[in-house]
Amino acid sequence: MKREVIAHLGTLDFVVGKENVIFLGPPGTGKTHLATGLGIRACQAGHRVAFATAAQWVTRLAINTPQ
């Protein structure tokens, strides 16, 4: 990931724009580290934050999807 992209995410424009950020990649590439940092930054800016693994989100969505 380019430094400029990370810096842009740090502005939290995606939060204001009500957009999602998803980090994809192999294990050990820093996805959780980046997501945690953005979550902390968002909390410090007064936003509510939800963090879960992809598997946890799939389970949540499956449970809450009307049959």
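Residues numbered from 1 in each chain as written. Predicted model: local features only at pLDDT ≥ 70, side-chain atom pairs only at ≥ 80, totals over all residues. Heavy atoms only, no water.

(A) A look at the packing of aromatic side chains. Under the defined criterion, the tally for this structure stands at zero aromatic pairs. The ring of Trp-57 carries Arg-60 above its face, with NZ or CZ at 4.7 Å from the centroid. (Phe/Tyr/Trp six-rings, centres within 6.5 Å; stacked < 30°, edge-to-face > 60°. Lys NZ or Arg CZ within 6 Å of the ring centre and 35° of its normal.)

(B) Examining unusual backbone geometry more closely. Of note in this structure, Leu-12 is not a glycine but carries a positive phi near 65°. A positive phi angle, close to 55°, is found at Lys-18, a residue other than glycine. Looking at the secondary structure, you find Lys-18 in the loop between helix 2 (13-16) and helix 3 (31-44). According to the relative accessible area criterion, Lys-18 is exposed, its value standing at 79%. (Helix = DSSP H or I, 4+ residues; strand = E, 2+ residues; numbered from the N terminus. Buried < 20%, exposed > 50% of the residue type's maximum accessible area, 1.4 Å probe, protein only.)

(C) Structural detail: the layout of surface pockets. A volume near 920 Å³ is recorded for the largest pocket. Surrounding the largest pocket, 23 residues form its lining, Val-21, Ala-50, Phe-51, Ala-52 and Trp-57 being those nearest its centre. Secondary structure elements with two or more residues in the lining of the largest pocket: helix 2, helix 3 and helix 4 (54-63). When grouped by side-chain class, the residues that make up the lining of the largest pocket number 15 nonpolar, five polar and three charged. (1 Å grid on protein atoms, 1.4 Å probe; cavity = no way out; pocket = protein on both sides within 12 Å on 5 of 7 lines; lining within 4 Å. Points joined across faces, edges and corners; volume = space filled by probe spheres on them. Nonpolar A, V, L, I, M, F, W, Y, C, P; charged D, E, K, R; others polar.)

(D) Region of the structure containing the nonpolar core. In this structure, Leu-9, Leu-12, Phe-14, Phe-23, Ala-35, Leu-38 and Ala-42 together form the largest nonpolar core, which totals seven residues. Of all the elements, helix 3 adds the most residues to this core, at three residues. Excluding residues within four positions of it along the chain, Phe-23 makes contact with Met-1, Leu-9, Lys-31, Leu-34, Ala-35 and Leu-38. (Core = buried A, V, L, I, M, F, W, Y, C linked by side-chain atoms within 4.5 Å. Contact = heavy atoms within 4.5 Å.)

(E) Fine view of a nonpolar patch on the surface. A grouping of Met-1, Val-5 and Ile-6 is seen on the molecular surface, where their side chains present a nonpolar patch of about 270 Å² in accessible area. Here Val-5 is to be found in helix 1 (residues 3-10). (Patch = residues over 30% accessible without salt bridge, like charges linked within 9 Å, V, L, I, M, F, W, Y side chains within 5 Å. Areas by Shrake-Rupley, 256 points an atom, 1.4 Å probe, with all protein chains shown as cover. Salt bridge = Lys/Arg side-chain N within 4 Å of Asp/Glu carboxyl O.)

(F) Expanded view of the environment of Asn-64. With respect to the element layout, Asn-64 can be found in the segment after helix 4. Judged by relative accessible area, Asn-64 falls into the exposed class, the value being 63%. Spatially, the C-alpha atom of Asn-64 lies 26 Å from that of Leu-38, the residues being 26 residues apart in sequence.

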